[in-house]
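Remarks on the overall topology
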Amino acid sequence: MIVKLNTKELEDILKDNNIENLKISNEAFDYLKEMIIHLIKNNKKYDNLFMNQKNESRLFNTLILLSNLNLDKNQSEYFLNTLINLINREMYIDDFKYLNKFIVSLAKNNLLEEQFAINYMNKYLESAIENVKFLSFDRSNLLINLARIHQYKNDKKINKKVVAKYINLIKELFESKEIDNIIELFNQTIFHIIAYMNKSQKKTMIEYMKLIVNRIKMSKKSLSASQLYFYQISVINEFVQVDDEVNILLIKETLRKIKNNNPNQKSIPDPIESNLIIITNLYRNKLLSKKLIKPHKELLIGYSSYFDVYFDENNINIKSSDIISILNDSELESLFKNQNFKNNFYKFLETELFKEDQKDLLSRFYQRK
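Residues numbered from 1 in each chain as written. Predicted model: local features only at pLDDT ≥ 70, side-chain atom pairs only at ≥ 80, totals over all residues. Heavy atoms only, no water.

Within the protein chain one finds 21 helices and zero strands. For the protein chain, the proportion of its 369 residues judged to be buried stands at 46%. Taking as baseline every contact in the protein chain between residues at least 6 positions apart, the subset at least 24 positions apart corresponds to 70%. Here the protein chain has roughly 20,900 Å² of accessible surface; of this, 47% comes from carbon and sulfur atoms. (Helix = DSSP H or I, 4+ residues; strand = E, 2+ residues; numbered from the N terminus. Buried < 20%, exposed > 50% of the residue type's maximum accessible area, 1.4 Å probe, protein only. Contact = heavy atoms within 4.5 Å. Areas by Shrake-Rupley, 256 points an atom, 1.4 Å probe, with all protein chains shown as cover.)

Two aromatic rings, taken as a pair, are described by how far apart their centres are and by the angle between their planes. Within the structure shown, the criterion is met by 17 aromatic pairs. Taking the centre distance of 5.6 Å and the plane angle of 55° together, the rings of phenylalanine 186 and phenylalanine 191 count as tilted. A relative accessible area of 0% means that phenylalanine 186 is categorised as buried. Of the residues examined, phenylalanine 191 reaches a relative accessible area of 11% and is grouped as buried. The ring of tyrosine 78 carries the charged tip of lysine 33 above its face, separated from the ring centre by 5.1 Å. (Phe/Tyr/Trp six-rings, centres within 6.5 Å; stacked < 30°, edge-to-face > 60°. Lys NZ or Arg CZ within 6 Å of the ring centre and 35° of its normal.)

With 14 residues, helix H14 (residues 271–284) should cover 20 Å at 1.5 Å per step; its first-to-last C-alpha distance of 20 Å lies within 8% of that length. Where H14 is concerned, the buried positions are Ile272, Asn275, Leu276, Ile278, Ile279, Thr280, Asn281 and Leu282. Next to the buried residues of H14 lie helix H12 (225–236), helix H13 (244–259), helix H15 (290–293), helix H16 (297–300) and helix H17 (305–311). The N-terminus of H14 is capped by aspartate 270, whose side-chain oxygen sits 3.2 Å from the backbone nitrogen of isoleucine 272. Just past H14, the residue lysine 286 takes up positive phi, approximately 60°. (Expected span 1.5 Å × (residues − 1). Polar contact = N/O pair within 3.5 Å; in protein donor to acceptor, adjacent residues only side chain to side chain.)

Along the chain, the position of threonine 254 falls in helix H13. A polar contact of 3.2 Å, which involves the side chain of threonine 254, links it to the side chain of asparagine 275. Every residue in contact with threonine 254, bar those within four places of it in the chain, is listed here: Ile272, Asn275, Leu276, Ile279 and Leu300.

Bringing helix H5 (residues 93–108) into the picture now. With 16 residues, H5 should cover 22 Å at 1.5 Å per step; its first-to-last C-alpha distance of 23 Å lies within 8% of that length. Of all the residues in H5, the buried ones are Ile93, Asp95, Phe96, Tyr98, Leu99, Asn100, Phe102, Ile103, Ser105 and Leu106. One or two residues past the end of H5 sits asparagine 110, with phi positive at roughly 55°.

Viewed as axis vectors pointing N to C, helix H4 (residues 73–83) and H5 meet at an angle of 150°, and their least axial separation amounts to 12 Å. Classified by the angle between their axes, H4 and H5 sit roughly antiparallel to one another. When you trace H4 past H5, the crossing you get is left-handed. Each of Ser76, Phe79, Leu80 and Leu83 in H4 lies in contact with H5, whose residues at this interface are Leu99, Phe102, Ile103 and Leu106. Its residues assigned to classes, the contact of H4 with H5 comprises seven nonpolar, one polar and no charged. (Axes fitted to C-alpha atoms, helices over the stretch in contact; angles between N-to-C directions. Parallel < 35°, antiparallel > 145°, perpendicular 65-115°, else oblique. Left-handed = near helix turned anticlockwise from the far one by under 90°. Nonpolar A, V, L, I, M, F, W, Y, C, P; charged D, E, K, R; others polar.)

A few words now on the packing of helix H10 (residues 179–193) against H12. Between H10 and H12, the least distance of the axes is 9 Å, while the angle of their chain directions is 45°. In terms of orientation, H10 lies oblique with respect to H12. Seen along the crossing, H10 lies across H12 with a hand that is left-handed. Of the residues in H12, those touching H10 at Asp180, Ile183, Glu184, Phe186, Asn187, Phe191 and His192 are Ser226, Gln227, Tyr229, Phe230, Ile233 and Ser234. Of the residues belonging to the contact of H10 with H12, the class tally is six nonpolar, five polar and two charged.

As a further point, take the side chain of serine 76. One can find serine 76 in helix H4. When sequence neighbours within four positions are dropped, the list of residues in contact with serine 76 reads Leu71, Leu106 and Leu111.

We now examine the nonpolar core. General note: in soluble globular proteins, nonpolar side chains tend to be found buried as a group. Of all hydrophobic cores here, the largest spans 114 residues; its most connected members are Leu83, Phe186, Met205 and Met209. Those residues in contact with leucine 83, other than ones at most four positions away along the chain, are Ile36, Ile40, Leu63, Leu66, Leu99, Phe102 and Tyr120. (Core = buried A, V, L, I, M, F, W, Y, C linked by side-chain atoms within 4.5 Å.)

Glancing now at the pattern of salt bridges. Following the criterion strictly, the structure yields ten salt bridges and no others. For lysine 101, the salt bridge identified is with glutamate 11, shortest N-O distance 3.8 Å. In this pair, lysine 101 is assigned in helix H5 and glutamate 11 in helix H1 (residues 7–16), connecting sequence segments 90 residues apart. For glutamate 11, a relative accessible area of 18% gives the class buried. Salt-bridge contacts for glutamate 253 lead to arginine 256; the nearest nitrogen and oxygen are separated by 2.7 Å. Pair noted here: glutamate 253 and arginine 256 are both in helix H13, with a separation of three residues, about one helical turn. What makes glutamate 253 buried here is its relative accessible area of 5%. Judged by relative accessible area, arginine 256 falls into the partly exposed class, the value being 34%. Among the charged side chains, a network of salt bridges with common partners joins Lys73, Glu77 and Glu113. (Salt bridge = Lys/Arg side-chain N within 4 Å of Asp/Glu carboxyl O.)

In structure tokens form, the structure reads like this:
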């Protein structure tokens, strides 16, 4: 199976037949141990492109298979200790994708202890600082998933020498006024790992955040998506105090995008919707006043169903169970005062959610009806 099928075929077979949590014999475990060692040793080592692709396919197939096995603690730890060697500066998109699948499968089965997650994050961060393109290839959010698995625990800390390299890099970028590069570095790495830093390192990072938010506020250019995301994360996590001047700039930038919007040209993600999501997130966290939105409300409505749930009192149209699931109890109580919202809300539940068989969501809301 590992040798003969291409990776897409193997994925389809496992998915179509709902195959997961396969039991593994001792003999099969020994075979996979040898296979993994050989594949990692020869990963991207051949001069011949065909041989590299062949080895790569077998490696990805093995990772897919491992992601669908019912491994015990000792087996999972063996593979974790071995597969960490896949993380290096030469990783490409599919390397991240299939390693991430394995990591997520272990996390779902409570087999990824915090120390292993930290070890992988250390190796990831070391590799990222060696290759400027490394982070752009991680389209599977491997670092984010590693950081989230133990986000409410954080007993272990990332290697302080690794973090020191990032602090030095940020210092260099700041001195050379490469603010956009610093923002990208925060968005892609620092925000996800700051919980695993020691107090001194956190303090240093927060000082840089304050300086950057001030630069954003003073900027005479249009605010970029990266800048706005940076601001949102900084204030929602209380690293930096909210600034109404930046909130106003965010609203103005969104209105500018709406004014210049061409309905025939679609971007993914949609920049208008992205801004409105940030506005809504800030509002929900009591960081952006409704009075700032009210004068422009009619212009802002109709581009984001998430935004519209909170601000379009006259024509609320529930389109997604994702939006419903994030509403907290106090928000529901407030929104249910609007009979139009309440009617549309339960209409959506009855016509859509029953089809999706989302019993937990239904039971949560139907007790309110």
